Amino acid sequence: VSSTPLRPARRRFPAAARGAIVATAILLAAAILRDQLDLLTVAVAAVAVGAGAIGSRGTDRTTVVGQPSPGPPRGVDLVASCPDPVIIVDRRAVVLQFNEPARSILPGIAERHPLAFALRAPEVLDALPPIAAGEPARDVVFGGRTATEATFEVRLRRVLSHEGGPAPAASVALFFRDLTAERRLETMRVDFIANVSHELRTPLASLIGFIDTLQGPARRDDAAREKFLEIMSAQGRRMARLIDDLLRLSRIELRAHLAPAGTVDLAETTAHMVEVLAPLARERDVLIHFTAPPGPVPVRGERDELIRVVENLVENAIKYGGSGKHVHVEVGLTEPEGGSRRAQLSVRDEGPGISPEHLPRLTERFYRVDVAESRREGGTGLGLAIVKHIVNHHRGRLMVESEPGQGAVFRVTLPAADT
Ligand SMILES: Nc1ncnc2c1ncn2[C@@H]1O[C@H](COP(=O)(O)OP(=O)(O)O)[C@@H](O)[C@H]1O
Ligand SMILES: [Mg+2]
């Protein structure tokens, strides 16, 4: 794949032609970087012709564009320097050249062997001869038949000479682009929009239903009005909470690359939130036990964000832990074990717990173990997704342990700040 030294005997080359080839090489490198394939096609053609004219046997190796003087070749090996897989085949689909990325997706590939030995994708292979014969360029998508099982778009381009005729050396270039990440993002985006729409539609439908009832059959029914207005208020609040959570998530995502700047006392922040949630705990007949070391527990962080972590974890423990139970909230500092000290927050409840199959998915947006229960509790399904994003932003870790019937423990560790 790498460069082939050029033969001295063939190196008589006019300076102007040399200049043109080097310029083409630079153009091609720039084109690859900027993903301008049309320019690239022409450039590959020019380089292939140039290199074919200089190269040994005039056929196989095509891409070293160097100085035609003795010594190691200078210049760029264009195919090798392309970050995506590139393969050049002749008109019989025999491999002339390929780069390392191509080898990593097609481990069986070898020069002078038919491409079909390494790539079993008829939609790609069948498209090669017509393109070599001059039919228009094509883009083919295929998936699952490479070492990485990825989905690729392959751009097939005939390699042309300066004059527009077929190049003597290579005839078709295959440019691969991995579509897997793009497709996964697209699926996530579509799912997310479907989820948000559904979450907003449910309370909205109920609001509209009650408004219709109040305007019609229940117009003069005072008792019904009281009851319906109460439900409507709860639904409206749920929609507001959902929008607040969505905005919060997107704000955290926007700031994900900025390291938290402040220093926060995790013990004080947690104590504050436990106090704020005391009325909810009383209402649910839940007893919160809070323990923290006597001094501050400083972490590098954003107080607003850490407050949301404590709020979501303690609120979940109160709501899902069950009434009449206890919730244990603990803040501490770990002793340094070779590394630096870490601050830890743990929230433990005595509820029904979470079965293992749900644990890995809890922090996905809108994932709930029991959708009806979450709705009843006014949940949005975004709490733990927010917690995970904030913990990541703080370079921390979130761990969940639970044995069904034994309650659940949510543990957050964060790098401690120097005092
Ligand atoms: N302490 C807990 N015990 C049992 N289940 C829990 C606990 N915390 C969270 N869960 C489950 O995880 C789901 C997701 O939690 P969360 O993201 O906070 O959303 P929400 O509380 O709005 O439903 C909850 O719906 C619940 O099923
Ligand atoms: Mg929650």
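See above for the structure.
Here is what the cut-offs are and how they apply
Residues numbered from 1 in each chain as written. Chains lettered and ligands numbered in written order. Predicted model: local features only at pLDDT ≥ 70, side-chain atom pairs only at ≥ 80, totals over all residues. Heavy atoms only, no water. Salt bridge = Lys/Arg side-chain N within 4 Å of Asp/Glu carboxyl O. Helix = DSSP H or I, 4+ residues; strand = E, 2+ residues; numbered from the N terminus. Buried < 20%, exposed > 50% of the residue type's maximum accessible area, 1.4 Å probe, protein only.

Is there a simple way to think about the pattern of salt bridges in this case?
Side-chain pairs of opposite charge can arise where the charged atoms are in close proximity. Per the stated rule, a full pass over the model turns up 23 salt bridges. Glu253 is the partner of Arg365 in a salt bridge, and the nearest nitrogen-oxygen pair spans 2.6 Å. Here the residue Arg365 occupies a position in the loop between β10 (342-349) and α12 (371-376), and Glu253 occupies one in helix α8 (residues 222-254), the gap between them amounting to 112 residues. On the basis of relative accessibility, which here comes to 27%, the residue Arg365 falls in the partly exposed class. With a shortest N-O distance of 3.9 Å, Glu283 and Arg284 are connected by a salt bridge. Overall, the relative accessible area of 62% leaves Glu283 in the exposed class. Residue Arg284 is classed as partly exposed on the basis of its relative accessible area of 21%.

Any chance you could explain unusual backbone geometry here in plain terms?
Trans is the prevailing form of peptide bonds, just as negative phi is the prevailing case for residues other than glycine. A positive phi angle is found at Glu149, which is not glycine, with a value near 65 degrees. Its location among the elements puts Glu149 in the loop between β3 (138-143) and β4 (151-158). The exposure class of Glu149 is exposed, given its relative accessible area of 56%. The backbone of Arg395 shows a phi angle near 55 degrees, a positive value even though the residue is not glycine. For Arg395, the position within the fold is in the loop between α13 (383-393) and β11 (397-402).

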